[in-house]
Amino acid sequence: MTGLVIVGHGTRSAAGVEQFAALVERVRGRGDVGDVEGGFIELSRPPLTDAVGALVARGHRALVALPLVLTGAGHGKGDIPAAMAREQQRHPGLSYRYGRPLGPHPLLHEALEQRIDTALAGADRAGTELPGADRAGTELPGADRAGTELPGADRAGTWVALIGRGSTDPDANAEVAKVARLLWEGRGYAGVEPGFISLAQPSVPAVLERLRRLGARRIVVAPYFLFAGVLPDRIVAQSAEFAAAHPDLDVRVAEVIGDCDALADLVLERYAEALGGDIRMNCDTCAYRVLMPGFADKVGLPQRPHDHPDDPVGHHHHHGHDHAHHDHGSVAVVGGGPGPDDLITVRAKALLDAADVVVVDRLAPQGLLAGLRPDVLVVDAAKVPRGPSMAQEAINEALVSHARAGRRVVRLKGGDPYVFGRGHEEVQACVAAGVPVTVVPGVSSAFAAPALAGVPVTHRGVAHDVTVVSGHLPPGHPDSLVDWAALARARGTVVLLMAVDTIAKIASVLIEHGRAPETPVLAVQDAGQPGQRSLPARLDEIGAVAAREGVGPPAVFVLGPVVALTTTGPNT
């Protein structure tokens, strides 16, 4: 018979580890599966590699790997399959069928109902220990079990706050909301509202406050968790704190689902499904396959296994993270475009919507900041010409430290991050720190500003080349890397960025080395903004014109025969 490996995430809670082990033993004791082992992908013993190794040592070459998770979030979709792939590398010829997450399922809903009714039947309030006989994992007397209705008035006057773990996967969060609705339907509660203890909103206090405002006087907080752990303890603590601040409310906390016959029944059902190939996974709203608003960073994201401290893999990296932000942090270096809010890319906007921290430049689209969630931290990394600026080393450190804390960081830059934006320096800092980082190109002002002013930087029969040059260092500066003499001999288009203070010197040197004095030049200031203005001049006049007209940053200078093609519009 095909062996079964039950795969848990892992916890720092000794009680949680004991409950997991008890469930594995309960499933093993049923005798429905010939061989059963259980292991964790991190934090707790035994590690998954020991569980798989034990089954292989007993002759199994085909397994069912069952993720002991309630929702199809990152652990079930990525971490566990990646860990199993590593086991296949260790054990050539090993194959496995993958089971689907446990929820939503009527057996779980009935278990939740039982835990809620137990909380209602007792006098226990938030923050107090339930009697040992009433705790999850111990079968309750028949009169207290789900299916035996409490008096209608008890349920009718009770609101339930169903609190899930929370995830950066929208599909997983939606499943918790679905369970809340299914728990409400037909059971007679006044209402059931979903919430989360980490990574997603609404929080526990927010849900409790919502129920209070809806008129609730008795609330049962029901943790949607399998076993004891850090996060269920946090639910109890936050519920107790809210109850203490609102003594007129009766706030009770139900137990976690825990080791029980119903959970063992469900594990065996999922095992049978996997053997029969009946998986029924929901891929239509999977953030790893489908572009979901705010979660563009997940599409096609490669999955990597966690490294268990007791698993001898290479560098023995151990995830010492706080489970409030278990999902690993990341950095997205994002090009915000030339300035207008609506010239940012779709992918960049989606990442911005999902961000926990935004480290923003002065030239990034500032209007988008107003649309961020209220809890998003905005770090001002402006570099003001001849004014205050945040050192690049400090920016790098901010990106790395926030990502290491488990946060999704967006480094929002103007234009394109790889066009004079120091974007790669920030990528290098993240790579050196072991922080996952991605780059999202943006619309560069080098091409957007001329286009918005009606100038094509290339045009058939006029210009077959375009050169983008940084003008922040004048010709002759010892640190300048520009070959100004070669640039003067070129016949195509030249676009100068950051050249407000140096344009007169640049024009003089270009003329000195052969560029025609009458070469048309266009200065474009505040491209795409309501105050955009365009100032035409000859190459030998542009320095004086820019000074006389008070041209200031951000401004782009474009020179070459294409400038003569400028179309006339409202901003030209």
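Here is what the cut-offs are and how they apply
Residues numbered from 1 in each chain as written. Predicted model: local features only at pLDDT ≥ 70, side-chain atom pairs only at ≥ 80, totals over all residues. Heavy atoms only, no water. Helix = DSSP H or I, 4+ residues; strand = E, 2+ residues; numbered from the N terminus. Buried < 20%, exposed > 50% of the residue type's maximum accessible area, 1.4 Å probe, protein only. Contact = heavy atoms within 4.5 Å. Areas by Shrake-Rupley, 256 points an atom, 1.4 Å probe, with all protein chains shown as cover. Pairing = 2+ DSSP bridges. Axes fitted to C-alpha atoms, helices over the stretch in contact; angles between N-to-C directions. Parallel < 35°, antiparallel > 145°, perpendicular 65-115°, else oblique. Left-handed = near helix turned anticlockwise from the far one by under 90°. Nonpolar A, V, L, I, M, F, W, Y, C, P; charged D, E, K, R; others polar. Arc of directions from axis to C-beta. Phe/Tyr/Trp six-rings, centres within 6.5 Å; stacked < 30°, edge-to-face > 60°. Salt bridge = Lys/Arg side-chain N within 4 Å of Asp/Glu carboxyl O. Right-handed = clockwise from strand over helix to strand, strands pointing away. pLDDT = per-residue confidence, 0-100. Core = buried A, V, L, I, M, F, W, Y, C linked by side-chain atoms within 4.5 Å. Expected span 1.5 Å × (residues − 1).

### Comments concerning the overall build of the protein chain
So, step 1. Scanning the protein chain for helices and strands turns up 16 helices and 18 strands.
So, step 2. Counting only residues that meet the buried cut, the protein chain has 53% of its 572 residues in that class.
So, step 3. Here the analysis covers contacts within the protein chain between residues at least 6 apart in sequence; of these, 74% occur between residues at least 24 apart.
So, step 4. Carbon and sulfur atoms make up 55% of the accessible area of the protein chain, which totals about 24400 Å².

### Here's the deal with the pairing of strand β16 (residues 520–525)
So, step 1. For β16, the buried fraction is high: five of the six residues fall into the buried class.
So, step 2. One ladder, built from six bridges, connects β16 with strand β17 (residues 533–538); its direction is antiparallel. By the bridge assignment, Val-521 is partnered in β17 with Ala-537.
So, step 3. Looking at chain direction, β16 and strand β18 (residues 555–559) are connected through five bridges and run antiparallel. Bridged to Gln-525 within β18 is Ala-555.

### Some details on the packing of helix α1 (residues 14–30) against helix α9 (residues 261–276)
So, step 1. In contact at an axis separation of 10 Å, α1 and α9 are set at 65° when each is read in the N-to-C sense. Taken together, the axis directions place α1 and α9 in an arrangement best described as roughly perpendicular. In the crossing of α1 with α9, the sense of the turn from one axis to the other is right-handed. The residues of α9 that touch α1, namely those facing Leu-23, Arg-26, Val-27 and Arg-30, are Asp-261, Leu-263, Ala-264, Asp-265, Val-267 and Leu-268.
So, step 2. The residue inventory of the contact of α1 with α9, partitioned by class, reads six nonpolar, no polar and four charged.

### Brief notes about helix α12 (residues 423–432)
So, step 1. Listed in full, the buried residues belonging to α12 are Gly-423, Glu-426, Val-427, Ala-429 and Cys-430. Each buried residue of α12 lies within a common arc of 160° when the element is viewed along its axis, so the set occupies one face. Among the exposed residues of α12, those pointing more than 90 degrees away from its buried face are Val-431 and Ala-432.
So, step 2. Structurally, α12 contributes buried residues whose contacts are with β9 (330–335), α11 (392–404), β12 (408–413) and β13 (437–440).
So, step 3. After α12 finishes, the residue Gly-434 shows a positive phi value of roughly 75°.

### Digging into the packing of aromatic side chains
So, step 1. Enumeration over the complete set of coordinates arrives at three aromatic pairs.
So, step 2. Arranged with centres 6.3 Å apart and planes meeting at 85°, the rings of Tyr-96 and Tyr-98 form a pair that is edge-to-face.
So, step 3. One aromatic cluster in this structure is built from Phe-20, Phe-40 and Phe-227.

### A word on the pattern of salt bridges
So, step 1. The final tally for this structure, using the stated rule, is 31 salt bridges.
So, step 2. The shortest N-O distance in the salt bridge between Arg-181 and Glu-185 comes to 2.8 Å.
So, step 3. We classify Glu-185 as partly exposed; its relative accessible area is 44%.

### So, the sheet that holds strand β11 (residues 377–380)
So, step 1. Pairing is parallel in the open sheet, where five strands are placed in the order β11-β10-β12-β9-β13. On the outer flanks of this sheet lie β11 and β13, each paired with one strand and no other. Averaged over neighbouring strand pairs, the angle between their axes works out to 20° when direction is ignored.

### Looking at the pairing of strand β15 (residues 493–497)
So, step 1. Burial runs high along β15: five of the five residues are buried.
So, step 2. Inspection of the sheet shows strand β14 (residues 466–470) paired to β15 by five bridges, in the parallel sense. Looking at the pairing, Val-469 lines up with Leu-496 of β15.
So, step 3. Traced from β14 through helix α14 (residues 484–489) to β15, the parallel crossover comes out right-handed.
So, step 4. Taken together, the four bridges between β15 and β18 define a ladder with antiparallel strand orientation. Residue pairing in the sheet places Val-495 in a bridge with Val-558 of β18.

### Examining the confidence of the model for the protein chain
So, step 1. Averaged over all residues, the pLDDT of the protein chain is 87; the fraction at 70 or higher stands at 84%.
So, step 2. Scored below 50 in pLDDT, residues 123–149 makes 50 contacts in the model with residues more than four places away or belonging to other chains.
So, step 3. Counted against residues more than four places away or in other chains, residues 314–327, with its pLDDT under 50, gives 44 contacts.

### A few points about the nonpolar core
So, step 1. Judged by nonpolar contacts, the single largest core of 45 residues is most densely connected at Leu-4, Ile-6, Val-27, Leu-68 and Leu-162.
So, step 2. Top element by residues in this core is α9. It accounts for seven residues.
So, step 3. Beyond its immediate stretch of four places on either side in the chain, Leu-68 contacts Ile-6, Val-7, Phe-20, Leu-23, Leu-102, Leu-226, Phe-227 and Val-267.
So, step 4. Judged by nonpolar contacts, the second largest core, of 25 residues, contains Ala-488, Leu-496, Ala-499 and Ala-523.

### As for the packing of helix α4 (residues 106–121) against helix α6 (residues 170–184)
Two numbers describe a pair of packed helices, the interaxial angle and the distance between the axes.
So, step 1. Two numbers describe how α4 lies on α6: the axes approach to 10 Å, and their chain directions differ by 65°. What the angle tells us is that α4 and α6 run roughly perpendicular. α6 is crossed by α4, and the crossing has right-handed handedness. Taken together, the residues of α6 that come into contact with α4 (itself represented by His-109, Leu-112, Glu-113 and Ile-116) are Val-179, Leu-182 and Leu-183.
So, step 2. A breakdown of the residues in the contact of α4 with α6 according to their chemical character gives five nonpolar, one polar and one charged.

### So, α9
So, step 1. Compared with an ideal rise of 1.5 Å per residue, which puts 16 residues at 22 Å, α9 spans 23 Å between its outermost C-alpha atoms and is within 8% of the ideal.
So, step 2. Looking at the packing, one finds that the buried side of α9 touches β1 (3–8), α1, β3 (62–67), β4 (95–98) and α4.
So, step 3. Of the residues one or two after α9, Gly-277 is the one with positive phi, at around 75°.

### Things to note about the side chain of Ser-480
So, step 1. Among the secondary structure elements, Ser-480 is positioned in the loop between β14 and α14.
So, step 2. Ignoring any residue separated from it by four or fewer positions in sequence, one finds Ser-480 in contact with Leu-473 and Pro-474.

### Concerning unusual backbone geometry
So, step 1. Residue Gly-103 is joined to Pro-104 through a cis peptide bond whose omega torsion reads -10°.
So, step 2. Mapped onto the fold, Pro-104 is located in the loop between β4 and α4.
So, step 3. Here the amide bond leading from Pro-553 into Pro-554 is cis, since omega sits at 0°, within 30 degrees of zero.
So, step 4. Note on placement: Pro-554 falls in the loop between α16 (542–548) and β18.
So, step 5. Positioned with a positive phi, Leu-199 is a non-glycine residue whose angle comes to about 70°.
So, step 6. Tracing the chain through its elements places Leu-199 in the loop between β6 (191–196) and α7 (204–213).
So, step 7. Residues other than glycine seldom take positive phi values, yet Phe-420 does so here, at roughly 55°.
So, step 8. Counting through the fold element by element, Phe-420 comes out in the loop between β12 and α12.

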